[in-house]
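Structure at a glance
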Amino acid sequence: MFGLFKKDKTPQAPRHISIQPLGETLEHKNGDTILTTALEAGINFPHNCRVGGCATCKCKLVEGEVQELTDKSYLLSAEEMANNYILGCQSVPKGDVVVEVDGLEAGASSISMVKTSATISSVRNLTHDIIELNLSLADGMDYVAGQYADIELPAELGEGTRSYSFAQSPQLRRGDKQLSFHVRKVPNGEFTEWLHASDRSGAALNLSGPYGDFHLRPGNAPILAVAGGSGMAPLKALLEHAREEGVTRDVVYLFGARTQADLYCLEEMEALTKGWLAHFQFVPVLNQEDEGSNWAGRRGLVTDHIQELVGGRLSEQHVYMCGPPPMIDAAEAVLKDAGVDGSNIHYDKFLDSSHTA
Ligand SMILES: Cc1cc2nc3c(=O)[nH]c(=O)nc-3n(C[C@H](O)[C@H](O)[C@H](O)COP(=O)(O)OP(=O)(O)OC[C@H]3O[C@@H](n4cnc5c(N)ncnc54)[C@H](O)[C@@H]3O)c2cc1C
Ligand code: FES
């Protein structure tokens, strides 16, 4: 995701990864992790962050040895460590290996991961520091609403990738070769400073995807959505997808921003509210809006408003959150205190190099 580790380019004999209980054996490319190899082969290997931060990709190393790129000890239990569990996204085979993955059903396959090139077809300002980045791809890429792609840094910036969530529901895009993202300018951020510096339309980029397991789970429970900043992108995609599917669950969507100048996608949220088949409430919350301004909406942090807005039904909610890691950590604590089951809380933290350094 962040390209912190350079690949070992020394030529070596082909290595193989056997994935159990699927019984598939994959040829391993030098330097690739177990997870990348599996995703490229179209195997639905559980994963989310791909930087050693969530443990979704844990699997048991049954045979062989791996090089581990990061320390797994703070994510895995003592029992898992003793039983040879590893993180698929952080393990590079040193030779042939056999891994056992919980929850993999025989024949299970995901949308295959695609690596392709793209041209920036257009950019559009959404706020003073968020742009809509539109790409035209050389090859089609399918995805599930909520997932993300990895964009390689342009050659002039060096090696590495950055992750961006698909901002449109797959049903609403103009063909499988068009992608749209919302990219916030991060102060001193390598890629986003470059992207925001001038109109980059026509520039070439490479990307791969889809990645991640953030998506709408089936069920009838009411939905609580929480986003901050460009965290709007995956939630907009997920909710638009749900509307296209005719979902009839109640939704409260809290959107955290600093000031009125940071609000965006308001027309899209109005369209969702009108077109939703059950109750849909979009609630912007501003935490740095001038006290004397004309803002009549809610102020403070999104976490201050969850209880009041959702009330007695809080523990029933299925929660979907995207955006800055501190917002998600704070909201998760509030939700768990209120009795929301951890298995009903789903999120993508927009981690950047400052979090993973
Ligand atoms: C799953 C996922 C989905 C995401 N989706 C989106 C999205 O839809 N939209 C979006 O805008 N963002 C998204 N992000 C964040 C995105 O991937 C980038 O991290 C972000 O755009 C910053 O990239 P950058 O190259 O500009 O900044 P970086 O160059 O990565 O720098 C980020 C910050 O870290 C600081 N920094 C750099 N190196 C270090 C270091 N060694 N130590 C301490 N600080 C350091 C920089 O000064 C800067 O302030 C997502 C992230 C994830 C994980
Ligand atoms: S730790 Fe591997 S996907 Fe998150």
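Residues numbered from 1 in each chain as written. Chains lettered and ligands numbered in written order. Predicted model: local features only at pLDDT ≥ 70, side-chain atom pairs only at ≥ 80, totals over all residues. Heavy atoms only, no water.

**Considerations on the nonpolar core**
- Counting 29 residues, the largest nonpolar core has Met232, Leu239, Tyr253, Phe255, Trp276 and Phe280 as its most contacted members.
- Secondary structure elements with two or more residues in this core: β14 (223-228), α4 (232-244), β15 (251-257), α5 (266-275), β16 (280-286) and β18 (318-323).
- Contact partners of phenylalanine 280, with chain neighbours within four places excluded, come to Leu239, Val251, Tyr253, Met269, Leu272 and Thr273.
- If you look at the next biggest cluster of nonpolar residues, it comprises 27 residues, including Ile43, Phe45, Tyr85 and Cys89. (Core = buried A, V, L, I, M, F, W, Y, C linked by side-chain atoms within 4.5 Å. Buried < 20%, exposed > 50% of the residue type's maximum accessible area, 1.4 Å probe, protein only. Helix = DSSP H or I, 4+ residues; strand = E, 2+ residues; numbered from the N terminus. Contact = heavy atoms within 4.5 Å.)

**Details of the side chain of glutamine 90**
- Its location among the elements puts glutamine 90 in the loop between β5 (85-87) and β6 (91-93).
- What makes glutamine 90 buried here is its relative accessible area of 4%.
- Within the structure, glutamine 90 has its side chain in polar contact with the side chain of threonine 70 (distance 3.0 Å).
- Those residues in contact with glutamine 90, other than ones at most four positions away along the chain, are Arg50, Val51, Gly52, Gln67, Glu68, Leu69 and Thr70. (Polar contact = N/O pair within 3.5 Å; in protein donor to acceptor, adjacent residues only side chain to side chain.)

**Concerning the packing of α4 against α5**
- One can describe the packing of α4 onto α5 by two numbers: an axis separation of 11 Å at closest approach and a directional angle of 25°. On the basis of their axis angle, the class for α4 and α5 is roughly parallel. For the pair α4 and α5, the sense of crossing is left-handed. On α5, the residues that touch Met232, Lys236, Leu239, Glu240 and Arg243 of α4 are Glu268, Met269, Ala271, Leu272 and Gly275.
- Counted by class, the contact of α4 with α5 contains five nonpolar, one polar and four charged residues. (Axes fitted to C-alpha atoms, helices over the stretch in contact; angles between N-to-C directions. Parallel < 35°, antiparallel > 145°, perpendicular 65-115°, else oblique. Left-handed = near helix turned anticlockwise from the far one by under 90°. Nonpolar A, V, L, I, M, F, W, Y, C, P; charged D, E, K, R; others polar.)

**Comments concerning the site of ligand 1**
- Every one of the 26 residues lining ligand 1 counts as a neighbour, but Arg162, Ser163, Tyr164, Thr192 and Ser353 are closest to it.
- Note that an oxygen atom of ligand 1 is positioned 2.5 Å from one of the side-chain N or O atoms of arginine 162.
- Note that an oxygen atom of ligand 1 is positioned 2.8 Å from one of the backbone N or O atoms of phenylalanine 191.
- Summarising the interface, the protein chains cover 79% of the accessible area of ligand 1, which totals 980 Å² for the free molecule.
- Broken down by secondary-structure element, the contributors of at least two residues to the shell around ligand 1 are β11 (161-165), β12 (178-184), α3 (190-197), β19 (345-349) and α8 (353-356).
- In terms of residue count, β11 provides more of the shell around ligand 1 than any other element does, four residues in total. (Near = heavy atom within 4 Å. Areas by Shrake-Rupley, 256 points an atom, 1.4 Å probe, with all protein chains shown as cover.)

**Some remarks on the domain arrangement of the chain**
- By the assigned domains, the chain splits into domain 1 (15-100), domain 2 (114-211) and domain 3 (223-356).
- Its C-alpha centre places domain 1 at a distance of 33 Å from the equivalent point of domain 3. (Domains from an automatic or database assignment.)

**Let's talk about the pattern of salt bridges**
- Evaluated as defined, the whole model comprises 21 salt bridges.
- In this structure, arginine 313 engages glutamate 316 in a salt bridge whose closest nitrogen and oxygen atoms are separated by 3.3 Å.
- Taking relative accessible area as the criterion, arginine 313 reaches 38% and is therefore assigned partly exposed.
- For the salt bridge of lysine 349 with aspartate 329, the shortest nitrogen-to-oxygen distance reads 2.6 Å. Taken together, the positions of lysine 349 in strand β19 and aspartate 329 in helix α7 (residues 325-337) put the pair 20 residues apart, joining distant regions of the chain.
- One connected set of salt bridges, linked through shared partners, spans Lys29, Asp32, Glu40 and Lys115. (Salt bridge = Lys/Arg side-chain N within 4 Å of Asp/Glu carboxyl O.)

**Points about the sheet that holds strand β8 (residues 114-125)**
- Strand order in the open sheet formed by six strands is β11-β10-β13-β8-β9-β12, and the pairing between neighbours is antiparallel. Only two strands of the sheet have a single partner each, and these edge strands are β11 and β12. Neighbouring strand axes in the sheet, compared pairwise and without regard to direction, differ in orientation by 40° on average.
- Note: strand β9 (residues 130-137) against β12, seven bridges, orientation antiparallel. Each bridged residue has a counterpart across the sheet, and for isoleucine 130 the counterpart in β12 is arginine 184.
- Along the sheet, α3 makes contact with β8, β9, β10 (148-152), β11, β12 and β13 (204-211), crossing β12 at roughly 105°. (Pairing = 2+ DSSP bridges.)

**Some thoughts on the sheet that holds β5**
- The strand order across the open sheet formed by five strands is β2-β1-β7-β3-β5, and the pairing between neighbours is mixed. Pairing within the sheet leaves two strands with one partner each, and these edge strands are β2 (24-28) and β5. The sheet shows a mean angle of 35° between the axes of neighbouring strands, taken without regard to direction.
- Pairing analysis gives three bridges linking strand β3 (residues 58-63) to strand β7 (residues 97-100), with the strands arranged antiparallel. Note that in β7 the partner of lysine 60 across the bridge is glutamate 100.

**Concerning the packing of aromatic side chains**
- Counting across every chain of the model gives 11 aromatic pairs.
- Ring geometry for tyrosine 143 and phenylalanine 166: centres 3.8 Å apart, planes at 10°, overall stacked. Here tyrosine 143, found in the loop between β9 and β10, pairs with phenylalanine 166, found in the loop between β11 and β12; they are 23 residues apart in sequence, far enough to count as distant. Grouping residues by exposure puts tyrosine 143 and phenylalanine 166 together as buried.
- Residues tyrosine 253 and phenylalanine 282 carry aromatic rings whose centres are separated by 5.1 Å and whose planes lie at 70° to one another, so their mutual orientation is edge-to-face. (Phe/Tyr/Trp six-rings, centres within 6.5 Å; stacked < 30°, edge-to-face > 60°.)

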